[in-house]
Structure formats: C-alpha cells, structure tokens
Amino acid sequence: MTHIDAGAELDPVHPVELPTGRATGLSAAEVAERVARGEVNDVPVRSSRSTTEIVRANVFTRFNAIIGVLWVIMLAVAPIQDSLFGFVIIANTGIGIIQELRAKKTLDGLAVIGESKPTVRRDGRGTEISTSEIVLGDLVELGPGDKIAVDGEAVETDSLEIDESLLTGEADPVVKKPGDRMMSGSFVVAGGGAFTATKVGREAYAAQLAEEASRFTLVNSELRNGISTILKYVTWLMIPTSIGLIISQLVVKDDNFKESIAYTVGGIVPMIPEGLVLLTSVAFAIGVIRLGRQQCLVQELPAIEGLARVDTVCLDKTGTLTEGGMDVTELRPLGGTDEAYVRKVLGALGESDPRPNASLQAIIDSYPDSEEWRCTQSLPFSSARKYSGAAFSEGDGDNSAWLLGAPDVLLPDGDPSLAEIEDLNQQGLRVLLLARAAGELDDADVASGAEATALVVLEQRLRPDAADTLRYFEEQDVSAKVISGDNAVSVGAVAGKLGLPGAENTVDARRLPTEQDEMAEALDANSVFGRVTPQQKRDMVGALQSHGHTVAMTGDGVNDVLALKDADIGVSMGSGSEATRAVAQIVLLNNSFATLPSVVAEGRRVIGNITRVATLFLVKTVYSVIIALLVVCSQVEYLFLPRHLTLLSTLTIGVPAFFLALAPNKERAKPHFVRRVMRYAIPGGVVAGVATFCTYLLARHHYTGVGAREAETSAATLALFLIAMWVLAIIARPYTWWRLGLIGAMGLGFLLVLTVPWLQDFFQLKLVGTTMPWAAVAIAAVASLVIEVIYRWVDRRFPA
C-alpha cells in the first residue's frame, strides 16, 4: 500500500528555509563537516555529581572545619590518644567519598543504558543515534512518545501534536505545522513528522534550563532538610556553650594550661553530630547501588525517600499489570458485513500508522496489508479521544474513512452491540470497534454517526509477577489503584484475575465527580477505574494528595506523563516512551513491575534506619551540651578527655549506627522527622547528662590524693557508657540475633578496655575500689529506667 503523507508539502503560511537534502537529511560529509565545526549536541549527560564535587562536598563541611581546627590544637598539646577523633573523621569522610563514587559509577552506567536514541534521517535512511551525536541541520524524525532533544523547526507534520507543558505549564497539546518552532524538552503526544535541528548543545532551550541542575541531589528532601534544621540549632547552642567552657577551663581554673586545653576540646567535640550527615549520604549512596544492581535507575535521590513514604500506588494497566504485547483472539463482523472486506480494512489501517501502539500492532500481525489500498489521510490515536482513523482509496475507485477505537466512545448509549461488548469485557478481554466514518477525518465530530462494522477482540498478556507485586503492596498497607484509559469492566476483570482487592467494584471515570474533595472520596472508596483521560489521571493524583496521601504513579505511555509529573514519585518503565522516562524520578530499566517492591523496601530501609540512628547521634549532642553547661555553672574541671568520648562514641554510636543504618526495615517512613527524632533525643540526652554529672560529683567527694582525677573520670565514663548502651538497646528494637550480638560486642569492647592493662593506660581509664564503680552502675540503672519510662510515655503522649 502506498502511504501519502498529508504533511509532506510545505505550508505556504509558514515558509521555511530547508537544509540541503530535505527528504534525505544530511549526508555523511555534511555531518562530518558540522562535527569539525563543533556544531554538535555536546551537552554532557549529568546523572550524578562530578568526582571533584563529591570530594569537595564530603571534605569541606562546616563541622569538618571545626573538628579540623580542634584536631590540630590537640595534636599540639596532648598525647595522640586524645587526637583519635580526628582520625575517625578522616576515615568517615573517606568512606563517604568512596560510597558516593560507587553510586556515581552505578548511576552513570544506568543512565547510558536508559538513554534515549532519537532517529535522524541521514543519506535518506533513518538511523538511531545518541542524543549527543545530533548535529546542526540534522533531520530528526518524530513519533508518539518521542522527546524533542534539541530546538528546531518542523519540516514534515502528520497530525503532529506536541505537549510543551514541561516548559510552558500549558497542558493542552499544540498542533504543529511545517515551519513551526520545536522546543527541546517537549514531547510528541500524537501524530508524527520530522524537524530540522536549529539549536544544539548548550544553546538549546532545555539545555539552558538544565545547566544549573544536577540529578544527583537531595533537594526537597524532608530528611535532609530536617537534619539541616537540627544542625543549625546545634550550632547556635554550641557556640555560647563552647565559649563558656573555654572561659571556665582556661580562666577560672588555675590548672595546667595544656591539660585545660585538652579538657576544653574534649567538651566541644562531642557536641558536633558530624557522623549523622555522613551516614545519611552513605545510606543514600548504598541505596542507589543496591537498586542499580536490580536495573533500577534512580534519577533523583529524594525518590528513595519519597517511596518510603508512599501509601498509595496508582498503576496504569497497560504495560504495568499487562505486558506490552497483545493478540487478536476473535473478529466479529457486525450487521452482515463481509469478513474478508473487514480484514482488508484492518490491514490497511495497520499500514497507515508508521508508529503503531500495542493494539494496532496486534492487528498488523494478524491481518496483512492489501497493496491496492492507498491511505489518503490519517488520524493518529490520541488518549483523549480514544480512537484513531484513516481514509483510503480502495483501488476500485471507492473511497472510505474508518475509525478504530473504544466501542463505548464511538457507539451511542443504548446501542445493542454494547451488551455483547460488556460480556467480552467481563472476561478480561479488550474490544475495539471498527466503524465507517460518515464525515471527514478532520471534522471535530467525526465519531458522530459512525457505522459500526466489526468488533476486534484482543487478549492482553498478564505480567507473571503482577499478582505477587499487588499482594506485596496489600501486605505493606499500601493502597493500589488501577487507573486505565481502557474499558472499566475489562480493567476490572484483569485486576480481578490478579487478586486486587475491590476489583469487582469498577468505576467508569466518565461518571466521577469533578470537584476535588468528592473525587478523593470516590478514589478512597474504590480501587479500579476505567476510561480515564490523561487530564483525569492528573486530577486523580491531585485529589489523592489533597486527602493527605503520598502518591506514586507508574506508567509507560505518553498519556501518563501529566500524572507522573504531579505525583510525589513518578515511576516509568525502561521500554516506555521517552517522555515518561524524562519526567519520572525512577526508571525500571528491566521493565519489570516486580522491581517496585524492592524499590519501596529500599526506601523504607534507608529512611527508617536513618531516623533510628539520628536519635543516637543527637542524644550524644544533647548530653554533651548538658554536661558542658553543668561544668560551666559549677566551675569544676571538665569530666572527660577527648579519648574517653572517642571511645564512647565509637562503641555506643559510630559502629552500631553503621550496621543499624544498613539493616532491613519494612516500616513505612513517617513525616515530621525533626519532631520524631527530638522527642527521644532531648529527654534521653538530658537524663544521660545529669546522671553522668551526678556520678562525677559523687566521685569527686569519694576520691582524694594521687590518681583521684583518673578515678573520677573513669567512674563518670562507666556511668555514661551504661546509659548510652541502654539508649542503643532501645533504638535497636525489635531485637534479632545480630542486633543482640552487636550490643553484646560493644559491651565486650568496653569491658576489654577496663580490664586489659595497656588499654587502661592508653585510654587513661581505671576503676578504683568497688564502692564508686558500683555506685556508677546504680546511677546508670536508675537513669536507664527513667529513660525507658520517658520513652514509653512519649510514644503514648506524642505518637509519631
């Protein structure tokens, strides 16, 4: 069949100066010449920060600067044992850099795999090339779902409709004619054509918008914003406390100068929760690596956090619950139409669309084209109208126009064929109606009066892993909503086969209320929705969000883009349209819906564990500030040397936090991160600080003579260690064998320090007598009991 491109001729209203070889595109020599001149789309694909940025971000931090200065001071005035905190920072920063570089490698590799390949016409042949290989003057071909990679001017248009909403905010598609401007960053929603590249590289519109942005970012992350807020308050609290401590230890006390410096630094260092920021970066980086191994590209790191908070997943049926391919199972002519003639019509319709969707591809596979028929006009499929069409010269002098699409859209209410179609839909089959159009295809009301000719029955292939995935969401208390443009009954039948709760109560979206609150109530009450328009998908996401839901939207078609953009988390299939991959935060490169539970689980693991370990770090910050304030007010020597607090931090926070941050965690992340962390950290830290200081004051009255200072510090260290261990034991719940083993190992480590002579000397810790050590244990036990009671009361009084 010969296809006549209605848009091949230039629109006289929009004259355009065309490059050499309009129909064939550039020649190989012309491409080489432009590359030599640098007229190539050389914008680097930045899926992550550069190595330099990673090193700078991990090394040059506010707290590393403070600790670096204190470390240099300690190296000058005290033994190496009191400078251990500096080496810990070097090790932690090194770990952070290594993990983020590993994440960068994973992201960059996946970005190359998932990179789109636009088709350019060179020497008369269409060739898929990398976006970065497009040169000025290239003729770029377009089809539904293609993203426009560079700026240009339309040359060929065939009912070409472009969505520029990502750039202009205007949701309605723009019909393009030859000579019209094409903006990079927009995408094709219907029709096809070709355009000439007029701006490439950093001159392109989308490249200018993206120049300042990098995908590897934690922007708009509640977790990261919360940590920044906490650190800001800590800094404000730390400055006056440190000044008071310095004055107290250097001016008021007439002790050895170097020793006073050592104790002052010992009081300042533990106020800084430096490991919290680092551990957050490491946890995110490891999350990216883990997901990367499952062929899951995380385009924005907040997506990991967002998925942990998701309580509603909106699923598009086609390509998500069902595989992309379909099969024609039956052809039912209507009204005595000749079946052989219907087969010819279907074959011609299949040939009329150069970029068929899954339904039309199944028809093409079943019905070969007839050479005699010529396509004189085509109407591409649109999600908004639910049908496509074409007009033909049949070879014998007859002309006809045909529509192929949704029966309940093309047929009037009450048509007798609808009952037959309903029965097929209830079996989970997809039904298309072939109808002869009464008017011209470019008539806005072309579907009115169309004559029903045949039913095409299609069977969709269910994804083998879809049922297990839906079951996972149900078990995890995540509500699944199937939102599809297909017939509602058919969608409900597919969802029912997969065991989705509420599949029997299918809702036709055309009858949904338009008012947001009423729509939200309907969405909360039902699970399956059919005949949903692209704009409705977007409205449904907004309605769910208005009722406090955190919404993830999955999809692979152009009709999903608006909803993917507005959802809290957009998830696209790797085989989906380029437009959906561009707006999604997460791309499943293996096209497996079954990967989604792993992504949700990874998000929950990262966020839940960081919330846990943040409590550990901030309890230390609070008790350090409390102890420092009590020292300043009581005018006594500071309790600890830096080596003591390095030991405590390592055994009760550093090592346990690293393992706890990487542990499995299926609990859905909850909002109000700062409040949830501080409700534990403040009372826990205050009790620990007061109890430790009381132990120290008691020890000062108990010990006298040579070695009294070391004995006092050792008793206070013992008390603080036991209290901090109890906080760790609370945070580590619910217990597993490895969590109990971790707590036991930390306790054994401290016991070794107290019993091995060279470790006693190294850390300057030695328990003297039995009265004071047992008193320290008793005070720690009482403080731990108080913390336990407070934490349980907080859980009841201020539930998260």
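Here, every reference points to the structure presented above.
Okay, so let's go over this structure. The model shown is predicted, which means the values in this text are computed figures rather than measured ones.

**Observations concerning the environment of Leu334**
Next up, step 1: As for its position among the elements, Leu334 is in the loop between β10 (322-333) and α11 (339-352).
Next up, step 2: Counting along the chain gives 99 residues from Leu334 to Leu433, while the straight-line C-alpha distance between them is 9.9 Å.
Next up, step 3: Those residues within four positions of Leu334 in sequence are excluded, and the remaining contacts are Ser417, Glu420, Leu433, Ala452, Thr453, Ala454 and Leu455.

**A closer look at the pattern of salt bridges**
Next up, step 1: Counted under the stated rule, the structure contains 20 salt bridges.
Next up, step 2: Salt-bridge contacts for Glu339 lead to Arg343; the nearest nitrogen and oxygen are separated by 3.1 Å. One end of the pair, Glu339, and the other, Arg343, are both in helix α11, 4 residues apart, so they sit about a helical turn from each other.
Next up, step 3: Between Arg538 and Asp566 there is a salt bridge, with its nearest N and O atoms 2.7 Å apart.

**Details of the nonpolar core**
Across soluble globular proteins, nonpolar side chains show a tendency to be buried alongside one another.
Next up, step 1: One finds Ile586 and Phe750 to be the most contacted residues of the largest nonpolar core, which totals 131 residues.
Next up, step 2: Ranked by residues supplied to this core, first place goes to helix α21 (residues 596-634) with 17 residues.
Next up, step 3: Non-local contacts of Ile586, meaning those with residues more than four positions away in its chain, are made with Cys296, Leu297, Ala303, Leu307, Ile569, Gly570, Val571, Ser572 and Val599.

**Considering a nonpolar patch on the surface**
Next up, step 1: Taken together, the side chains of Leu75, Ile80, Phe87 and Ile90 present a nonpolar region at the surface, about 360 Å² in accessible area.
Next up, step 2: Along the polypeptide, Ile90 turns up in helix α4 (residues 84-113).

**Observations regarding the packing of aromatic side chains**
Next up, step 1: With the rule as written, the count across this model stands at 11 aromatic pairs.
Next up, step 2: Plain terms: the ring middles of Tyr638 and Phe640 are 6.3 Å apart, the flat faces sit at 75 degrees to each other, and that makes the pair edge-to-face. Both residues of the pair, Tyr638 and Phe640, count as buried.
Next up, step 3: Ring plane angle 45 degrees and centroid distance 6.4 Å describe the contact between Phe693 and Tyr696, whose orientation is recorded as tilted. Of this pair, Phe693 and Tyr696 are both found in helix α23 (residues 673-702), 3 residues apart, which corresponds to roughly one turn of the helix.
Next up, step 4: Accessibility expressed as a relative area gives 6% for Phe693, which makes it buried.
Next up, step 5: Looking at Tyr696, the relative accessible area reads 0%, which means it is buried.
Next up, step 6: Every member of this aromatic cluster is reached through a ring pair, and the members are Tyr341, Trp373, Phe392 and Trp402.
Next up, step 7: The cationic tip of Lys232 hangs over the ring face of Tyr233; the distance from NZ or CZ to the ring centre is 5.7 Å.

**Section: helix α3 (residues 62-77)**
Next up, step 1: Taking 1.5 Å of rise per residue, 16 residues should cover 22 Å, and α3 covers 23 Å from first to last C-alpha, within 8% of that figure.
Next up, step 2: Three or more residues of α3 are buried, namely Phe63, Asn64, Ile67, Leu70, Trp71 and Met74. For α3, the buried positions fall inside an angular range of 130 degrees around the axis, keeping them on one side. Summarising the geometry of α3, the exposed residues directed more than 90 degrees from the buried face are Val69, Val72 and Ala76.

**Focus on the pairing of strand β2 (residues 125-128)**
Working note: regular strand, side chains alternate between the two faces of the sheet.
Next up, step 1: As judged from the 4 bridges shared by strand β1 (residues 119-122) and β2, these two strands associate in the antiparallel manner. Bridge assignment links Val120 to a residue of β2, and that residue is Thr127.
Next up, step 2: Between β1 and β2, which pair antiparallel and follow one another directly, the connecting turn spans 2 residues, one of which, Asp123, has a positive phi of 55 degrees.

**A closer look at the side chain of Glu602**
Next up, step 1: With respect to the secondary-structure elements, Glu602 resides in helix α21.
Next up, step 2: Excluding residues within four positions of it along the chain, Glu602 makes contact with Ile286, Gly287, Arg290, Leu291 and Ile304.

**Structural notes on the sheet that holds strand β21 (residues 586-588)**
Next up, step 1: Taken together, 8 strands build an open sheet; the order of strands is β8-β21-β20-β19-β9-β16-β18-β17 and the sheet is mixed. Among the strands making up the open sheet, the edge pair consists of β8 (296-298) and β17 (506-508). Strand-to-strand twist of the sheet, defined as the mean angle between neighbouring strand axes without regard to direction, takes the value 20 degrees.
Next up, step 2: Across 3 bridges, β17 lies against strand β18 (residues 528-530) in parallel orientation. Its bridge partner being in β18, Thr506 is matched across the sheet by Val528.
Next up, step 3: Packing against the sheet, helix α18 (residues 534-546) makes contact with β9 (312-315), β16 (479-483), β18 and β19 (551-555), and its axis sits at approximately 160 degrees to β19.

Thresholds, definitions, all that
- Residues numbered from 1 in each chain as written.
- Predicted model: local features only at pLDDT ≥ 70, side-chain atom pairs only at ≥ 80, totals over all residues.
- Heavy atoms only, no water.
- Helix = DSSP H or I, 4+ residues; strand = E, 2+ residues; numbered from the N terminus.
- Contact = heavy atoms within 4.5 Å.
- Salt bridge = Lys/Arg side-chain N within 4 Å of Asp/Glu carboxyl O.
- Core = buried A, V, L, I, M, F, W, Y, C linked by side-chain atoms within 4.5 Å.
- Buried < 20%, exposed > 50% of the residue type's maximum accessible area, 1.4 Å probe, protein only.
- Patch = residues over 30% accessible without salt bridge, like charges linked within 9 Å, V, L, I, M, F, W, Y side chains within 5 Å.
- Areas by Shrake-Rupley, 256 points an atom, 1.4 Å probe, with all protein chains shown as cover.
- Phe/Tyr/Trp six-rings, centres within 6.5 Å; stacked < 30°, edge-to-face > 60°.
- Lys NZ or Arg CZ within 6 Å of the ring centre and 35° of its normal.
- Expected span 1.5 Å × (residues − 1).
- Arc of directions from axis to C-beta.
- Pairing = 2+ DSSP bridges.
- Axes fitted to C-alpha atoms, helices over the stretch in contact; angles between N-to-C directions.

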